[in-house]
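Chain by chain, the residues run as shown.
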Amino acid sequence: MSNLKHLYQHSLSLLTDLYQLTMAYGYWKSGRMNHQAVFHLFFRKLPFNGRYAIAAGLQTAVEYLQQFEFTSDDAAYLQTLTGNDGKPLFEPAFLEYLTQLKFDCDLDAMPEGTLVFPHEPLLRVKGSLIQTQLLETALLNIMNFQTLIATKSARVCQAAQGDAVLEFGLRRAQGIDGALSASRAAYIGGCAATSNVLAGKLFGIPVKGTHAHSWVMSFDDEFEAFKVYAQAMPNNCIFLVDTYDSVHGVELAIQMGNELRQQGYEMVGIRLDSGDLNQLSQKAREMLDNAGFPEAKIVASNDLNELLITELKQNGAKIDVWGVGTQLATAYDQPALGGVYKLSAIRENEEQAWQYRLKISEQAVKTSNPGIIQVKRFQDKQQRFVIDMMYDEPHTPQSPVQYVPLGDNQPLELNSALHGEDLLQPVIRQGTLLQDLPELAQVRARVQQQLQQLPDGDNVQTPYPVSLEWHYHQLKQNLMQQVQRKDGHEN
């Protein structure tokens, strides 16, 4: 049983905006529902003022697609919706059509854990116009959030410079699914474990936890609290030492650590959750080392993010493990990615040629790319990423390859020594999953490999180059001119 089905126990097809259904009804009424369409899911701006994003959410999206159906209960609810005149919004024959609809689209996607940049499609969906339209909202909901959190997690883990990062955000996350999706994406981005036990069960993520201040406060004496906790689970003792006085708490933890040793157990460490984490961690490290506990870990929490972790590391904090909660699970400083899902090609049937489409805007960044887009990533001999190039997949670029950087018009010639790899890979064909997707641990490992291949780290002063293949660039420019002439907007 898949994770989504197990969690919700009912159809998720109504997890959509109403206008998707009103458009679907219009396609059905006009007989256009079986026209073929291609949509791409992408974002326009990198999150957190960073240099990369991490594609995440594909496994969840695939599970959603495999379960896509309108049940009789769904149809019964839709039958209750009315228009401005009080009459039913949808006629019964359309609702019956929905209950017979079976997902049979094609899906191509960047593998989860792939570094992705603005305007590059994370997903490409091809199929009937009505189905590809109905999938928009849910796919954006899934991919936007998990990509955002995976990116935030990678940034936090990079700031920790190899120290373990634990995701502690469950209690502050945006609802049940927000918490589960955040835990999954945070693990993809590099977190070593989560406090979210349900996420551990559903996704196989390691779970970690200590005890709260309420445990200590429930006893008359702090040492008694440590002692009873150690008696309950002597093999998992990380003592939260800042309920009253942090330094005194460390002294009591050391005392309890000595008693544990006499019983054949070893104290795992202590946790600091308030105060000057730099000063307190240095003092705690000195005390633990002098007392014969050099292996005891110092865990820090307290509203951490990548900026605070970087500052603490630079100032010499003696922290071994970072517990990051609210700022990670909610993407506190940027709570939305802003991904979009745009139509790029349409045709009546397979015998006809594709008609390419694009959205034009006064804001150049909002003008979409037409066609059936593929992204080719070029690497040097050291396997470092050099440049990404989008092209129209039916027209494979010919050597010598020419490209145009986004926002420019002048073609440049690509170094022939570079090796190119297409990023969008076939995942589903006519509704059938082609092969099992990688395990979460493999996705997590892919992130680390990709980050090592990104030149100049997270230096935002040198944005990673994304371009259009020269002929594809010309195709887009010509199509823009045609649309402008057609609509009477030619200068």
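For the structure itself, look to the data block above.
Residues numbered from 1 in each chain as written. Predicted model: local features only at pLDDT ≥ 70, side-chain atom pairs only at ≥ 80, totals over all residues. Heavy atoms only, no water.

A.B. asks: Now, about unusual backbone geometry: what can you tell me, with residues and values included?
C.D. replies: Cis rather than trans, the peptide bond between Ser-399 and Pro-400 has omega equal to -5°. One can find Pro-400 in the loop between strand 15 (385-392) and strand 16 (402-405). Positive phi is not limited to glycine here, since Phe-48 has a value of about 60°. Here Phe-48 shows up in the loop between strand 1 (36-42) and strand 2 (53-54). The phi dihedral of Asn-49 falls on the positive side, at around 55°, and the residue is not glycine. Its location among the elements puts Asn-49 in the loop between strand 1 and strand 2. (Helix = DSSP H or I, 4+ residues; strand = E, 2+ residues; numbered from the N terminus.)

A.B. asks: So what's going on with the sheet that holds strand 5 (residues 123-128)? Residues and values would help.
C.D. replies: With antiparallel pairing, the seven strands of this open sheet are ordered in space as 13-12-1-5-3-19-20. Sheet topology places strand 13 (355-356) and strand 20 (432-433) at the edges, where each strand pairs with a single neighbour. Examined bridge by bridge, strand 12 (residues 340-347) and strand 13 share two bridges and lie antiparallel to one another. Bridged to Ile-346 within strand 13 is Gln-355. (Pairing = 2+ DSSP bridges.)

A.B. asks: Go over helix 4 (residues 72-79), please, and point to the residues and values.
C.D. replies: Burial in helix 4 covers these residues: Asp-74, Ala-75 and Leu-78. The buried residues of helix 4 occupy one face: seen down the axis, they fall within an arc of 95°. Opposite the packed face of helix 4, turned more than 90 degrees from it, sit the exposed residues Ser-72 and Asp-73. Elements that come into contact with the buried residues of helix 4 comprise helix 2 (18-29) and helix 5 (92-100). (Buried < 20%, exposed > 50% of the residue type's maximum accessible area, 1.4 Å probe, protein only. Arc of directions from axis to C-beta. Contact = heavy atoms within 4.5 Å.)

A.B. asks: An account of the packing of aromatic side chains is needed here, citing residue identities and associated values.
C.D. replies: Counted according to the given criterion, the structure contains twelve aromatic pairs. Note on Phe-39 and Tyr-341: the rings are 4.7 Å apart at their centroids and 15° apart in plane angle, and the pair reads as stacked. Of this pair, Phe-39 sits in strand 1 while Tyr-341 is found in strand 12, placing the two residues 302 residues apart along the sequence. Of the two residues, Phe-39 and Tyr-341, both sit in the buried class. Here the aromatic residues Tyr-25, Trp-28, Phe-90 and Phe-94 are joined through ring pairs into a cluster of three or more. Across from the ring centre of Phe-48, 4.7 Å away, lies the NZ or CZ of Lys-152, which sits over that ring. Geometry around Phe-293 places Arg-261 over its ring, the cationic atom sitting 4.0 Å from the centre. (Phe/Tyr/Trp six-rings, centres within 6.5 Å; stacked < 30°, edge-to-face > 60°. Lys NZ or Arg CZ within 6 Å of the ring centre and 35° of its normal.)

A.B. asks: Give me the lowdown on the environment of Lys-45, citing residues and values where you can.
C.D. replies: Its place among the elements puts Lys-45 in the loop between strand 1 and strand 2. Its relative accessible area of 60% is what places Lys-45 among the exposed residues. Apart from the residues lying within four places of it in its own chain, the contact partners of Lys-45 are Pro-118 and Leu-337.

A.B. asks: How would you explain the sheet that holds strand 9 (residues 269-272) if you had to name every residue and give the values?
C.D. replies: As summarised here, the arrangement of the six strands in space is 7-6-11-10-9-8, forming an open sheet in which the pairing is parallel. Only two strands of the sheet have a single neighbouring strand rather than two, namely strand 7 (193-194) and strand 8 (238-240). One ladder, built from three bridges, connects strand 8 with strand 9; its direction is parallel. By the bridge assignment for strand 9, Phe-239 is matched with Ile-270.

A.B. asks: Could you give an account of the pairing of strand 9, naming the residues involved and the relevant values?
C.D. replies: Burial along strand 9 is two-sided: the face carrying Gly-269 and Arg-271 and the face carrying Ile-270 and Leu-272 are both buried. Handedness of the strand 8-helix 12 (residues 246-262)-strand 9 crossover: right-handed. Bridge count for strand 9 against strand 10 (residues 297-300) is four bridges, and the pairing is parallel. When the bridges of strand 10 are listed, Arg-271 appears paired with Val-299. The handedness of the strand 9 to strand 10 crossover, carried by helix 13 (residues 277-290), is right-handed. (Right-handed = clockwise from strand over helix to strand, strands pointing away.)

A.B. asks: Explain the pattern of salt bridges residue by residue, including any values.
C.D. replies: Inspection of the entire model under this criterion finds 18 salt bridges. With a closest N to O distance of 2.9 Å, Glu-393 and Arg-124 form a salt bridge. With Glu-393 in the loop between strand 15 and strand 16 and Arg-124 in strand 5, the pair connects residues that are 269 residues apart, well separated along the chain. The partly exposed category is assigned to Glu-393, whose relative accessible area is 29%. Two residues, Arg-261 and Glu-266, come together in a salt bridge whose shortest N-O distance is 2.7 Å. (Salt bridge = Lys/Arg side-chain N within 4 Å of Asp/Glu carboxyl O.)

A.B. asks: Account for the pairing of strand 19 (residues 425-429), with residues named and values stated.
C.D. replies: In this structure, strand 3 (residues 106-109) lies alongside strand 19, joined through three bridges in antiparallel fashion. The residue bridging Ala-109 from the neighbouring strand is Gln-425, located in strand 19. Looking at chain direction, strand 19 and strand 20 are connected through two bridges and run antiparallel. Residue pairing for strand 20: Ile-428 is matched across the bridge by Leu-433. The loop that links strand 19 with its antiparallel partner strand 20 comprises two residues; one of these, Gln-430, has a positive phi angle of about 50°.

A.B. asks: I'd like to hear about the packing of helix 11 (residues 222-232) against helix 12, residue by residue, with values.
C.D. replies: At their nearest, the axes of helix 11 and helix 12 sit 10 Å apart, and the two run at 35° to each other. Of the two possible hands of crossing, helix 11 and helix 12 adopt the one that is right-handed. Of the residues in helix 12, those in contact with Glu-222, Phe-223, Phe-226, Lys-227 and Ala-230 of helix 11 are His-248, Gly-249, Leu-252, Ala-253, Gln-255, Met-256, Glu-259 and Leu-260. Grouping the constituent residues of the contact of helix 11 with helix 12 by class yields seven nonpolar, three polar and three charged. (Axes fitted to C-alpha atoms, helices over the stretch in contact; angles between N-to-C directions. Left-handed = near helix turned anticlockwise from the far one by under 90°. Nonpolar A, V, L, I, M, F, W, Y, C, P; charged D, E, K, R; others polar.)

A.B. asks: Tell me about the nonpolar core, residues and numbers included.
C.D. replies: Membership of the largest hydrophobic core comes to 135 residues, with the highest contact counts inside it found for Phe-94, Leu-98, Leu-135 and Phe-239. Here this core takes 14 residues from helix 7 (residues 136-160), the largest share from any one element. Non-local contacts of Leu-135, meaning those with residues more than four positions away in its chain, are made with Tyr-64, Leu-65, Phe-68, Phe-103, Cys-105, Val-125 and Tyr-341. (Core = buried A, V, L, I, M, F, W, Y, C linked by side-chain atoms within 4.5 Å.)

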